[in-house]
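Working through the structure, step by step
One letter stands for each residue in the lines below.
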Amino acid sequence: MDEKNRTVVTEFLLLGFGNLNHMRILAFTILLIIHVMALFGNILVIIVVAATKSLHCPMYFFLSQLSLSEILFTSDIVPNMLRLILEGGGTVPVSQCIFQFYLSAVPTIAQCLLLAVMSFDRHVAICRPLHYAIIMTFTHQVQMVTICWISGFSLSIVVCIFLKKLTFCYYNIIDHFFCDIAPLVKLSCSDTSSIELVTALLAYPIILSPFAFIVASYISILHTVLKIPSAIGRQKAFSTCSSHLISVCLYYGTLSSIYIFPLKEKFINANKGLTLLYALVTPLFGSLPKEANSHGGVLGVPVIQE
């Protein structure tokens, strides 16, 4: 292909949800309300955990970090999505589009790892309750959370470095409401083998490895809980894990559908719906059970007598 005849793309056209016509204001209002509720719920979790001394324990510390990741993700995606709904689509510069992807990738990676850390916390609390205070010290909590966030920032930078090397020409239409990596790679007119290899090497371990760790942790937890003689004791043990299980199911259910088992192009609207669920509904309902089902904490976990 003649390099001189290429029309270099400097901005992308995001179609959003298309022209909603008379449904535009209604859709904007509903999604805005959900967004505000999700932000308020997660901010409230952080404030309550920070202000209440009785909640200064590992479980609630990790929950506050999970809420922070959800706030960062929705704040990056939703405002521009709402603008696209009102305008029926809109343009965004290539550099800004890549930066938006970076800001969404950081909390996504961090949240995957945070969910694994939370499962480890529940495993220690239920399976090794007598060693809980020794293992889950505040220093260890900070170290684990720091690793989660550093991994999010550093791995996202690696992907964006390869993304910045791509050349975009001719076509600039993205049938989505935010700049995700898949449509960006698809629109590139340069060699994409490097970034495809990098994302494959990073995405699957980032998503599947923490999920495998969570499954292994809960198999061990289930084995321990079944040893508890009383029904009330088993119920208390399960109640300490319920909020985390709900978050895992909501998060990995939508995330795997989007990135691990993506829908074909003809089902792009369904993919938009899953992404919308991931960006709006998951942070909303993910914050609700945190306070309702997590009450009792480590003190509610019965000690298994050998």
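In the nomenclature of an unreviewed UniProt entry, the chain corresponds to G-protein coupled receptors family 1 profile domain-containing protein from the organism Engystomops pustulosus. Looking at the chain in UniProt, the text filed under Subcellular location (unreviewed entry) is "Cell membrane".

Inspection of the secondary structure puts S188 in the loop between helix 6 (181-187) and helix 7 (193-225). Looking at S188, its side chain comes within polar contact range of the side chain of S190, at 2.9 Å. Contacts of S188, omitting those with residues within four sequence positions, involve L166, T167 and F168.

Okay, the state of the cysteines next. This structure, assessed with the given rule, holds 2 disulfides. Here C97 engages in a disulfide with C179; their sulfurs sit 1.8 Å apart. Linking C97 and C179, the disulfide has an S-S dihedral of approximately -115° and is accordingly described as left-handed. Of this pair, C97 sits in helix 3 (residues 94-127) while C179 sits in the loop between strand 3 (173-174) and helix 6, and the two are 82 residues apart along the sequence. The disulfide bridge from C169 ends at C189, spanning 1.8 Å between sulfur atoms. Here C169, found in the loop between helix 5 (138-164) and strand 3, pairs with C189, found in the loop between helix 6 and helix 7; they are 20 residues apart in sequence, far enough to count as distant. Looking at C169, the relative accessible area reads 2%, which means it is buried. With cysteine numbering restricted to those in disulfides and following the sequence, the chain has the pairing 1-3, 2-4. Looking at the unpaired C148, the closest cysteine sulfur is the one in C112, lying at 10.0 Å. We classify C148 as buried; its relative accessible area is 2%.

With respect to topology, 3 strands assemble into an open sheet ordered 2-1-3, the strand pairing being mixed. Bordering the open sheet on either side are strand 2 (90-93) and strand 3, each of which pairs with just one other strand. Direction of pairing for strand 1 (residues 11-14) relative to strand 3: parallel, over a ladder of 2 bridges. Bridged to L14 within strand 3 is I174. The strands touched by helix 3 within the sheet are strand 1, strand 2 and strand 3, with strand 2 carrying the most contacts at an inclination of about 85°.

What follows deals with helix 1 (residues 24-51). Here helix 1 spans 40 Å end to end across 28 residues, near enough to the 40 Å set by a 1.5 Å rise per residue. Of the residues making up helix 1, those classed as buried are F28, L31, H35, A38, L39, G41, N42, V45 and V49.

Let's shift gears to a nonpolar patch on the surface. A grouping of M23, L26 and I30 is seen on the molecular surface, where their side chains present a nonpolar patch of about 260 Å² in accessible area. Among the structural elements, I30 can be located in helix 1. Residue class for I30 comes out partly exposed when judged on its relative accessible area of 43%.

What counts, and where the lines are drawn
- Residues numbered from 1 in each chain as written.
- Predicted model: local features only at pLDDT ≥ 70, side-chain atom pairs only at ≥ 80, totals over all residues.
- Heavy atoms only, no water.
- UniProt positions renumbered as here; feature names shortened; annotations may be inferred.
- Helix = DSSP H or I, 4+ residues; strand = E, 2+ residues; numbered from the N terminus.
- Polar contact = N/O pair within 3.5 Å; in protein donor to acceptor, adjacent residues only side chain to side chain.
- Contact = heavy atoms within 4.5 Å.
- Disulfide = S-S within 2.5 Å.
- Buried < 20%, exposed > 50% of the residue type's maximum accessible area, 1.4 Å probe, protein only.
- Pairing = 2+ DSSP bridges.
- Axes fitted to C-alpha atoms, helices over the stretch in contact; angles between N-to-C directions.
- Expected span 1.5 Å × (residues − 1).
- Patch = residues over 30% accessible without salt bridge, like charges linked within 9 Å, V, L, I, M, F, W, Y side chains within 5 Å.
- Areas by Shrake-Rupley, 256 points an atom, 1.4 Å probe, with all protein chains shown as cover.
- Salt bridge = Lys/Arg side-chain N within 4 Å of Asp/Glu carboxyl O.

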